[in-house]
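# Analysis of the macromolecular model
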Amino acid sequence: NAGVTQTPKFQVLKTGQSMTLQCAQDMNHEYMSWYRQDPGMGLRLIHYSVGAGITDQGEVPNGYNVSRSTTEDFPLRLLSAAPSQTSVYFCASSLGGAQNTGELFFGEGSRLTVL
Amino acid sequence: DQQVKQNSPSLSVQEGRISILNCDYTNSMFDYFLWYKKYPAEGPTFLISISSIKDKNEDGRFTVFLNKSAKHLSLHIVPSQPGDSAVYFCAASPLFYKFYFGSGTKLNVKP
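Description of the structure in this document. Given the structure is predicted, the values throughout are model-derived calculations rather than measurements. (Residues numbered from 1 in each chain as written. Chains lettered and ligands numbered in written order. Predicted model: local features only at pLDDT ≥ 70, side-chain atom pairs only at ≥ 80, totals over all residues. Heavy atoms only, no water.)

### Comments concerning the overall build of chain A
Note the following rule: The helix and strand labels rest on DSSP assignments: H or I over at least four residues marks a helix, E over at least two residues marks a strand, and numbering proceeds from the N terminus. Our radius of gyration looks at C-alpha atoms and nothing else; its globule reference is 2.2 Å times the residue count to the power 0.38. Note on classification: 1.4 Å probe, protein chains only; a residue is buried when its accessible area is under 20% of the maximum for its type, exposed when over 50%, partly exposed between these limits. When checking whether two residues touch, look at their non-hydrogen atoms; a contact exists if any pair is within 4.5 Å. Note on areas: Shrake-Rupley with a 1.4 Å probe; residue coverage comes only from the protein chains shown. Neither His nor the chain ends contribute to the count of charged residues, in which Lys and Arg are positive and Asp and Glu negative. Note that the charge is assigned to NZ on lysines, CZ on arginines, CG on aspartates and CD on glutamates.
The number of helices and strands found in chain A is zero helices and eleven strands. Secondary structure of chain A in N-to-C order comes out as β-β-β-β-β-β-β-β-β-β-β. Taken over C-alpha atoms, the radius of gyration comes to 13 Å for chain A, in line with the 13 Å a tight globule of 115 residues would show. Each principal axis of the C-alpha atoms in chain A carries an extent, and together these give about 45 × 25 × 25 Å. Burial statistics for chain A: of 115 residues in total, 46% are counted as buried. Counting only contacts in chain A whose residues sit at least 6 apart along the sequence, the fraction spanning at least 24 positions is 53%. A total of about 5,300 Å² of accessible surface is found on chain A, and carbon and sulfur atoms cover 50% of it. Taking the average location of the 7 positive side-chain charges in chain A and that of its 9 negative ones, the two points are 13 Å from each other.

Here is the structure:
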């Protein structure tokens, strides 16, 4: 059972380049989200989705785009990378709806460095 | 400004003793609280949760206490084991879809 899968695990970009971090879950979870982890800041919510076709902004959405065309996938796009986006990114999912206990299942993370 | 704060970046405890990790929050709309554990190079994993209608929840060696009037929660681990050494994050939510995390406390349990 794969759970939440993130790719790539590591990526180095130059300022201004674009890229997409992939996230897929095989648990049929309605809710998916992206967080970034920075030293001393904990995890901060970037974007989230409560179901296919529905997305919304979190605490730190600027510079990132998301879409949710299927229940399984929730890619995070960096349109023009900046050094401030150097971070570790985590994708998470949870059941959603009446069964939602709030428990988030996290991927292993994607470490992004922007030079 | 962070709505969830963990003011102790690190904690060191002897094996077998109690570990107490603290968390404070500012938003009175938060009604669901969770603790996560994170090992290096892995994603956080869920540990225990509590809703605002309770003041205590236990799961084996782990107990979470919630003091709503003080906007404070704590995680007690008894007895502490070396395998508990990790970073612990508390999180709070006004809905099940938006979670606010603290900055984490690194627990070191010494054998």
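What follows picks up the thread again.
### What about the sheet that holds strand 1 (residues 4–7) of chain A?
Residues and elements named next belong to chain A. Rule in force here: One requirement defines pairing of two strands: DSSP has to find at least two bridges between them. Whenever a helix is involved, its axis is fitted only over the stretch in contact; in every case the axis is a line through C-alpha atoms, and angles between N-to-C directions fall within 0 to 180 degrees.
Taken in spatial order, the four strands of this open sheet run 1-3-8-7, and their pairing is antiparallel. Edge positions in the sheet fall to strand 1 and strand 7 (64–66), since each of these pairs with one other strand and no more. Along the sheet, successive strands turn relative to each other by an average axial angle of 20°, direction set aside.

### Quick look at the state of the cysteines
Let me state the cut-off plainly: Defined by distance alone, a disulfide is two cysteine sulfur atoms within 2.5 Å.
One pass over the structure, following the stated rule, counts two disulfides over all chains. In this model, cysteine 23 of chain A is linked to cysteine 91 of chain A through a disulfide, with the two sulfur atoms separated by 1.9 Å. Of note, the bridge from cysteine 23 of chain A to cysteine 91 of chain A carries an S-S torsion of about -75° and is left-handed in sense. A residue pair is termed long-range when its members are at least 10 positions apart, and cysteine 23 of chain A in strand 3 (residues 19–25) and cysteine 91 of chain A in strand 9 (residues 87–94) qualify at 68 residues. Like cysteine 91 of chain A, cysteine 23 of chain A is buried. Here cysteine 23 of chain B pairs with cysteine 90 of chain B through a disulfide, and the sulfurs are 1.9 Å apart.

### Structural notes on the packing of aromatic side chains
Our working rule: Under the pairing criterion, centres of Phe, Tyr and Trp rings, with the six-membered ring standing for Trp, must be within 6.5 Å; the plane angle then separates stacked pairs below 30 degrees from edge-to-face pairs above 60, leaving the rest tilted.
Following the criterion strictly, the structure yields twelve aromatic pairs over all chains and no others. Look at tyrosine 35 of chain A and phenylalanine 101 of chain B: their rings are 5.2 Å apart centre to centre, the planes differ by 80°, and that puts the pair in the edge-to-face class. A residue pair is termed interchain when its members come from two chains, as with tyrosine 35 of chain A in strand 4 (residues 31–38) and phenylalanine 101 of chain B in strand 10 (residues 100–101). This pair shows no difference in class: tyrosine 35 of chain A is buried, exactly as phenylalanine 101 of chain B is.

### Regarding the interface of chain A and chain B
Defined as follows: Summed over both partners, the accessible area lost on bringing two parts together, with a 1.4 Å probe, is the buried area. In the sections that follow, a salt bridge refers to a side-chain nitrogen of Lys or Arg positioned within 4 Å of a carboxyl oxygen of Asp or Glu. Under this definition, polar contacts are N or O atom pairs within 3.5 Å; protein pairs additionally need one hydrogen-donor-capable and one acceptor-capable atom, and for neighbouring residues in sequence, both atoms have to be side-chain atoms.
Residue-level contacts link 23 residues of chain A with 19 residues of chain B. Interface of chain A and chain B: buried area, both sides summed, is about 1,700 Å²; carbon and sulfur atoms make up 62% of it. Counting every contact that joins chain A to chain B gives zero salt bridges. Applying the counting criterion to the chain A and chain B interface returns two residue pairs in polar contact (both at pLDDT 80 or more). Among the elements of the structure, strand 4 and strand 5 (42–51) of chain A are those that each provide at least two residues to the side of chain A that touches chain B.

### Let's talk about a nonpolar patch on the surface
Test applied: Distance thresholds for patches are 9 Å for like charges and 5 Å for nonpolar side chains (Val, Leu, Ile, Met, Phe, Trp, Tyr), applied to residues having over 30% relative accessible area and no salt bridge.
Side chains of Ile18, Ile20 and Val78 of chain B sit close together on the surface and give an oily, nonpolar patch of about 220 Å² of accessible area. When you line up the elements, isoleucine 18 of chain B lands in the loop between strand 2 (10–14) and strand 3 (19–25).

### Examining the sheet that holds strand 7 (residues 62–67) of chain B
Where strands meet in a sheet, backbone hydrogen bonds hold them as pairs that are either parallel or antiparallel. Residue and element names in this part refer to chain B. Across the sheet, which stays open at both edges, the five strands sit in the order 1-3-8-7-6 with antiparallel pairing between neighbours. Strands at the two margins of the open sheet, each flanked by one partner only, are strand 1 (4–5) and strand 6 (56–59). Looking at chain direction, strand 7 and strand 8 (residues 72–77) are connected through six bridges and run antiparallel. Residue pairing for strand 8: phenylalanine 65 is matched across the bridge by serine 74.

### What to know about the side chain of threonine 105 of chain B
Residue and element names in this part refer to chain B. Residue position: threonine 105 is located in strand 11 (residues 105–110). The class of threonine 105 is buried, set by a relative accessible area of 2%. If we ignore the near neighbours within four places in the chain, the residues touching threonine 105 are Gln6, Ser8, Pro9, Ser10, Leu11, Leu21, Ala86, Val87 and Tyr88.

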